[in-house]
Amino acid sequence: MTDEKPTSPEIPSPAPARPAPAPPAAAPKPAAGRLLPRPPPRSRPPLQPLRSRPGRNRPDASGRPLIASLAAAVPGAVLEAYEFVGETTVKIAPEHLVEACRYLKDKEGFTYLVDETAVDWKDRQPRFDVLLLLHSFSRGQERLRLKVAVAEGEACPTVTGVWETANWMEREAFDMYGVRFDGHPDLRRILTWDGFQGHPLRKDFPIEGIDTGAAIYPDRYPEGGGPGPKDTNRKVLS
Amino acid sequence: MSEPTPGTVAQFPPLAGPPLLGLHEMELNFGPQHPSTHGVLRLVLKVDGERIVSARPDIGYLHRGTEKLFETETFPMVIPHTDRMDYVAAATNNHAYCLVVEKLLGVEVPKRAQYIRVLLDEMQRISSHVLWLATAAIDLGAITPFFYTFRDREVILDLFEEYCGARLTLNCMRIGGLPVDLTPGWLEKVRAFTEPFEKCIDEYEDLLTENRIWKERTVGIAVLDEKRCIEWGVTGPVLRAAGKAWDVRRALPYECYPELEFDIPVGKNADTYDRYLVRVAEIRQSRRIVLQCLDWLEKNPGTEIRGKVPRVIKPPAGEAYASVEAPKGELGFHLVASGGNKPYRLHVRPPSFINLQALPEMAQGHLVGDLVAVIGTIDIVLGEVDR
């Protein structure tokens, strides 16, 4: 048997290209590589913004009673306050963070710390934002976001003295971003292991990961990290 | 020993006593491969005889860098990753993520899609609570509830499979709505399961609620009162068992929950037994919600399952937070968008991670044998703790 298929007489040889329709004399010449001339642009109505789409403008919220009383109780704490998609965000000066949190918890009823995390703005100074989300049961389920800008190498004050639940949240932010929390009772890595080198959620950490042998071969690699960038034992996993 | 009268519980000897071995405390490693840790939780215990002096959780064995992965995927591609966090409650994970993107985009979800989403959520809650019941009971030596609960969980998973093709990692929601419409005849199958399900819950309760061994193992174990719960940020059935009727579905309502009738069960003694009662009561409430959703969907047939979503999803720059009541507590997604088609930063507020933090306080002073009850009572999933 041969692999060659017998050529069937019924199968016509490759059909010649479809005869191009004779262009009307007045029609413009089609552009090269394009079978049909582009239809003239329809006059379509401008795109409607989606319903209730939040605009880019963020109404200032510093006039709200809560923010005003916070600014009055802790002078210099409130740097900016705005509203966005129905959520209020307050930028707080780092040196007044603990005082402001203490005031919000004790006097305004924000007893529940929902979330605390960090964001890396790689090319910005200061580099990191620490976000806190507070919840108040007594003020009609109100939520408030606090935002603190922290530079690389600087420490953010800890709020573990205000809400105990901040303990692991801050450990996670430290582990993932390397943001230090000043006064934290137990600032160790939490999701990666002791001796891991680098902070995985920083924007300059490679997505492929790095090979840190530190945890597996403690006798081979010095404490505090795996092979350095110039070490031949270092592999970039991909 | 005299037979205790029904409805009462034998009294324990007081837990705080003189140290059994003087100052000779021993360090004991619990996990990460212990079957009662529901995954890979490691606890470093300090014990004095049989009594726990301190318990220190060591987590991260299942860390997969999910939040880093989120940043490399476009907005719709993130959804399957959320399935893998709390892998026994994938629908609520999908839901919370979709909510936060919809909040930033300003997309309206059609009513029909809202009801189907809630229906899926509540079926997921039933299956998650039922799984909790099976594993928590098996940890304490009661193997029979496992067979009853898995019989029913299997039906729910089959129904999920018929709807979206998957049993655990559902991937069953999309930004703005749902991926596919319901299969013909699916609603009748859900009804055929849900209506007689009340009897199944009675069967679980027959096995455990007045069971003397179950009560002796759970009453008075791992007490965490309301004030301490809030201090630790603990939410979900653990908070409600402490007497606080707080539920995200009511406190910060989303989708069609304001139109549905359901109660928030609360406990009183804030112990493991009350958490069991609260969870069983929540299964009943979820069943109620499922039936209401079925009624609505049968009365309002339609095909609209997705809102008007742009082809390329690019939310405006800014922060948003949205949360749902997951079976374990408040599950939130904290999204920071920079105007691109990928999330710049997407942080998860996992209820298991936050609730686990209170474990040392709950375990202190108990016997080593009760530690499995303490771990079971929080209802953690390590996929969500470590992400």
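Provided above is the structure to which this section pertains.
Residues numbered from 1 in each chain as written. Chains lettered and ligands numbered in written order. Predicted model: local features only at pLDDT ≥ 70, side-chain atom pairs only at ≥ 80, totals over all residues. Heavy atoms only, no water.

**Looking at helix α3 (residues 90-105) of chain B**
All names here are of chain B. The criterion, for reference: Each helix is a run of DSSP H or I of at least 4 residues and each strand a run of E of at least 2, with the numbering of both proceeding from the N terminus. Any helix carries an expected span of 1.5 Å times its number of residues minus one. For every residue, the accessible area (1.4 Å probe, protein chains only) is compared with the maximum for its type, and the residue is labelled buried under 20%, exposed over 50%, or partly exposed between those bounds.
For α3, built from 16 residues, the straight-helix expectation of 22 Å at 1.5 Å per residue is met to within 8% by its first-to-last C-alpha distance of 23 Å. Taking burial as the measure, the 16 residues of α3 include 15 buried ones, the bulk of the element. Trailing α3 by a residue or two, G106 shows a phi angle of about 75°, which is positive.

**Some points on the interface of chain B and chain A**
Condition: Contacts are assigned to residue pairs that have any heavy atoms within 4.5 Å of one another. The quantity reported as buried area is the accessible area (1.4 Å probe) lost by two parts once they are put together, taken as the sum for both. By convention in these notes, a salt bridge is any Lys or Arg side-chain nitrogen within 4 Å of a carboxyl oxygen on Asp or Glu. Pairs of N or O atoms are called polar contacts if they sit within 3.5 Å, as long as, within protein, a hydrogen donor faces a hydrogen acceptor (for residues adjacent in sequence, only side-chain-to-side-chain pairs).
With 49 residues of chain B in contact, the opposing surface of chain A contributes 53 residues. Across the interface of chain B and chain A, roughly 4,400 Å² is buried in total on both sides, 56% from carbon and sulfur atoms. Among the residues of chain B in contact with chain A, K68, E319 and Y344 of chain B are the three that bury the most area, contributing 16% of the side total. Where chain B packs against chain A, one counts eight salt bridges. Applying the counting rule to chain B against chain A returns 30 residue pairs in polar contact (both at pLDDT 80 or more). Take the side of chain B that touches chain A: its biggest share by element is five residues, from strand β4 (residues 318-326) of chain B.

**A word on the environment of K111 of chain B**
As for its position among the elements, K111 of chain B is in helix α4 (residues 111-139). Remark: the alpha-carbon pair of K111 of chain B and L297 of chain B, spanning 186 residues in sequence, is separated by 9.8 Å.

**Quick word on the environment of S127 of chain B**
All names here are of chain B. One can find S127 in helix α4. Here S127 falls in the buried class, since its relative accessible area comes to 1%. Separated by 29 residues in the primary sequence, S127 and I156 have C-alpha atoms spaced 6.8 Å apart. Setting aside residues no more than four positions away along its own chain, S127 makes contact with V88, R153 and I156.

**Re the sheet that holds strand β5 (residues 329-337) of chain B**
Residues and elements named next belong to chain B. What counts is decided by this rule: Any two strands with at least two DSSP bridges between them are considered paired. The angle between two axes is taken between their N-to-C directions and runs from 0 to 180 degrees, where each axis is a line fitted to C-alpha atoms and a helix contributes only its stretch in contact.
Taken together, the three strands give an open sheet; going across it, the order is β4-β5-β6, and neighbouring strands pair in antiparallel fashion. Strand pairing shows two members of the sheet lacking a second neighbour, β4 and β6 (345-349), which therefore form its edges. Between one strand axis and the next, the sheet turns through 15° on average, direction left out of account. With five bridges joining them, β5 and β6 adopt antiparallel strand pairing.

These values are about where atoms sit, not about what they do.
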